[in-house]
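# Understanding the architecture of this molecule
Spelled out, the chains give:
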Amino acid sequence: MAALHIKLFCILPLLFALGINAQWQWRGLPFVPNPLVEHHGHHGLDFNFDPNDGGQFQLFNPEPVTSKAAGDNPKPNAEGKPQPIAGGKPQPNVGGIPNVGGIPKPAVIKAEDVNAVQPIAGGKPQPNVGGIPKPAVIKAEDVNVVPDAQPQPNFPIGNNPGAWALVSNDAGVSAMHLNVLPNNKAIMYDASDFHISNIKLPNNECLPWNNNRGEAGTDCFAHAVEYDLDKNTVRPLKIQFDAWCSSGGILPDGRFISTGGWVNGYRSARYITACNDGKCEFKEYPTALAENRWYATQLTLADGRVIVVGGRKAYSIEYVPPEGQENKQSIFLPLLDETTDMDENNLYPFVHQSTDGNVFIFANDRSVLLDPKTNKVIKEFPKLDGGSRNYPASGMSALLPIELNVQNPPVIPVDVLVCGGNKPDAFKLSAQKPPVFVPALDDCGRLRITDPNPVWEKEVMPSRRVMGDMLNLPTGELLIINGAQAGVSAWWQAEEPNFTPVMYNPKLPNGQRFVKMAPTTIARMYHSSSAVLPNGKILVAGSNTNPGYDFKAKYPTEVRVETFTPPYMDKALDIHRPEINAQASDNKLKYGAPFGVQFKLNEQDKPTKADIKVTVYAVPFTTHGYSMNQRLVVLANTELKAEGAGLYRVTALAPPTGAVAPPGSYLLNVVHRGVPSTGVWVTINQ
């Protein structure tokens with residue numbers, strides 16, 4: 001303390017006597033000019049309070065200071081009223097004594113008060129004792145809080161349409177199904193019914209099987225792989241019960257589960273725990289489900305249960321039983337029966353967890369809200385006109401980003417977007433000889449499912465699309481990718497590949513939301529898939545319009561893997577890209593509780609709290625044009641604090657309930673004025 005007193009008694013008189021422009025470097029406090037002397041000099045002396053260095057002041061290099069313009073001094077005030085200072089907020093005069101010559105009389109700072117913010121901090125007058133302002137006490141940990149301010153505009157991207165790269169010539173399988181895992185690997189798998197792929201099972205292993213005539217055979221091929229996202233290498237995995245056209249997702253405990261499939265896999269549940277030692281394999285239960293689930297949808301609910309909806313000739317729902325147990329019966333859902341056309345058009349229904357705790361289910365062109373506690377339909381929404389939206393007409397659907405505040409309404413608003421598809425009879429027409437490929441739909445419907453009486457808002461895409469994918473991006477935009485412009489989902493029943501992705505910005509006015517991106521050169525049609533990667537790129541794989549593996553067809557079986565780099569990954573933006581320090585950040589989130597994320601920025605960037613967004617993304621299971629379990633939640637920030645040169649910590653609030661973000665693994669991104677960091681994995685749980 002003696003050393004501190006000496007420094008204060010030396011520094012403070014020097015500053016006042018010489019008229020040095022002292023710029024306080026306590027982050028969060030405004031610059032305060034010396035009120036006693038008009039400034040005409042061009043040099044200043046900075047000093048810094050460092051709470052991590054025993055609370056000592058440190059002198060550091062002088063730097064130029066802008067001279068004060070004439071007329072900036074406060075005018076004299078004969079009534080002794082507060083005078084304006086830097087920051088524009090008034091402070092009380094000492095003892096109420098009038099100003100002389102327009103010069104405010106300074107408050108005396110005692111040595112024992114050096115760790116207190118003077119009345120200038122925050123611009124709020126303090127209660128007077130004996131006419132002398134009492135300093136407000138500031139805690140050392142609050143010194144570096146970044147003050148609130150209006151958000152600055154996003155960094156300009158220019159005309160960057162994104163870019164494509166081929167990252168693997170052979171994934172071993174055609175990725176009909178795709179899910180990124182919390183260890184930065186991905187699961188890709190195909191049907192096993194044709195007993196062929198481009199990769200063999202390890203150790204010369206072969207599995208027995210019988211054809212439809214009862215004849216025995218062996219299958220030595222792998223129909224699933226673990227794909228390493230960093231190395232673009234694969235490891236073959238064994239699936240014994242056919243997962244063709246199945247559903248899937250990540251459980252709250254981080255394991256991947258696949259449900260349903262074909263023939264011996266109809267009622268299966270398959271589990272695999274992500275691993276880094278190359279030893280994890282699927283554990284399969286062929287009779288877990290009550291009904292055959294082929295082309296069904298799977299969703300993790302607010303309470304952690306997993307619901308399975310629909311499937312071919314399965315007009316029902318059921319909940320996945322605990323591992324090793326079996327369901328005895330399912331629950332009839334009239335919507336699935338009523339929306340089945342001659343050509344179905346209601347398979348792989350779009351199923352979303354609503355923020356009110358209920359479940360939104362869309363099939364064909366109708367949708368309802370299901371209470372998962374009572375298994376009763378509590379609401380039916382208006383019909384979405386224009387055509388059929390589910391398999392084989394195969395449109396796309398996603399929730400728009402869910403934006404949270406520190407104080408949220410009882411029901412947090414959420415919108416569903418449904419795009420593309422085809423006419424109800426498009427399947428029949430493309431299956432006839434000669435085939436007629438009906439142009440796909442080019443419209444979208446947007447519905448706020450939490451409103452009491454919502455109405456579909458229609459808009460038009462830049463191109464027609466069937467069996468495309470729709471992905472939430474960390475910036476809050478959506479990417480529409482893959483698919484065709486005519487026909488439906490099925491072997492040989494589509495034409496005109498849609499090579500051009502489209503970016504959708506939900507915040508812009510209707511008519512301005514879509515932007516075309518750079519096209520690929522590889523047709524990604526039936527049985528293609530895509531996924532958002534932790535680094536912000538998009539993995540694109542699969543496409544097989546043929547039974548088996550046919551590399552000579554017009555649209556050959558695709559085992560090549562590409563990445564699409566969105567515009568927000570432009571190298572010119574890297575200087576502004578946040579870098580999360582995972583070791584100094586929280587990764588186990590509790591509902592409604594604050595948590596901290598430390599990140600680094602270029603020292604030249606000076607963000608405000610409003611410039612920083614924290615998002616959490618539930619990575620989806622993607623197949624047949626639908627990404628199950630997907631959602632992006634934009635969290636509420638409560639504080640941004642500087643922790644060093646270019647080093648910051650943002651405090652955010654975890655989602656309030658499982659209805660907003662079901663329990664499980666999420667990719668967390670820090671987004672700085674439209675530029676996202678690489679994501680890090682976190683878990684959200686009760």
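Being a predicted model, the structure only gives us computed values, none of them experimental.

Criteria and thresholds
Residues numbered from 1 in each chain as written. Predicted model: local features only at pLDDT ≥ 70, side-chain atom pairs only at ≥ 80, totals over all residues. Heavy atoms only, no water. Helix = DSSP H or I, 4+ residues; strand = E, 2+ residues; numbered from the N terminus. Buried < 20%, exposed > 50% of the residue type's maximum accessible area, 1.4 Å probe, protein only. Contact = heavy atoms within 4.5 Å. Areas by Shrake-Rupley, 256 points an atom, 1.4 Å probe, with all protein chains shown as cover. Disulfide = S-S within 2.5 Å. Pairing = 2+ DSSP bridges. Axes fitted to C-alpha atoms, helices over the stretch in contact; angles between N-to-C directions. pLDDT = per-residue confidence, 0-100. Core = buried A, V, L, I, M, F, W, Y, C linked by side-chain atoms within 4.5 Å.

### What to know about the overall build of the protein
Check the secondary structure of the protein and you find three helices and 54 strands. Each of the 686 residues in the protein was classed as buried or not, and the buried ones make up 55%. For the protein, the share of sequence-separated contacts (at least 6 apart) that also reach a separation of at least 24 residues comes to 61%. Only carbon and sulfur atoms are counted for the fraction: they give 54% of the accessible area of the protein, which is about 29300 Å².

### Brief notes about the state of the cysteines
A covalent bond bridging the sulfur atoms of two cysteines is what the word disulfide describes. Here the structure, examined in full by the defined rule, presents three disulfides. Numbered in order of appearance, the disulfide-bonded cysteines of the protein are paired 1-2, 3-4, 5-6.

### As for the sheet that holds strand 41 (residues 538–542)
If you trace the four strands from one edge of the open sheet to the other, you get 10-42-41-40, paired in antiparallel fashion. Each of the sheet's edge strands pairs with one partner strand only, and the pair in question is strand 10 (163–168) and strand 40 (528–532). Going across the sheet, the axis of each strand differs from the next one's by a mean of 25°, ignoring polarity. Two strands pair when backbone bridges link them, and strand 40 and strand 41 are joined in this way by five bridges, in the antiparallel orientation.

### Examining the confidence of the model for the protein
Averaged over all residues, the pLDDT of the protein is 85; the fraction at 70 or higher stands at 79%. Low pLDDT, under 50, characterises residues 1–138; the predicted model gives this stretch 193 contacts beyond four residues in sequence or across chains.

### Focus: the environment of Phe437
Mapping Phe437 onto the fold places it in the loop between helix 3 (426–431) and strand 32 (443–448). When the C-alpha atoms of Phe437 and Ala494 are compared, they prove to be 6.5 Å apart, with 57 residues separating the residues in sequence. Beyond its immediate sequence surroundings of up to four residues, Phe437 is in contact with Ser430, Ala486, Gly487, Trp492, Gln493, Ala494 and Glu495.

### A few points about the nonpolar core
In terms of nonpolar packing, the biggest core is built from 92 residues, with Ile361, Phe595 and Leu668 touching the most fellow members. Looking at this core element by element, the count peaks at five residues for strand 26 (residues 359–363). For Phe595, the residues in contact, after removing those within four places along its chain, are Asp586, Leu589, Val614, Leu635, Val650, Thr651, Ala652, Leu653, Ala654 and Leu668. Membership of the second largest hydrophobic core comes to 39 residues, among which are Val173, Leu229, Ile250 and Ile481.

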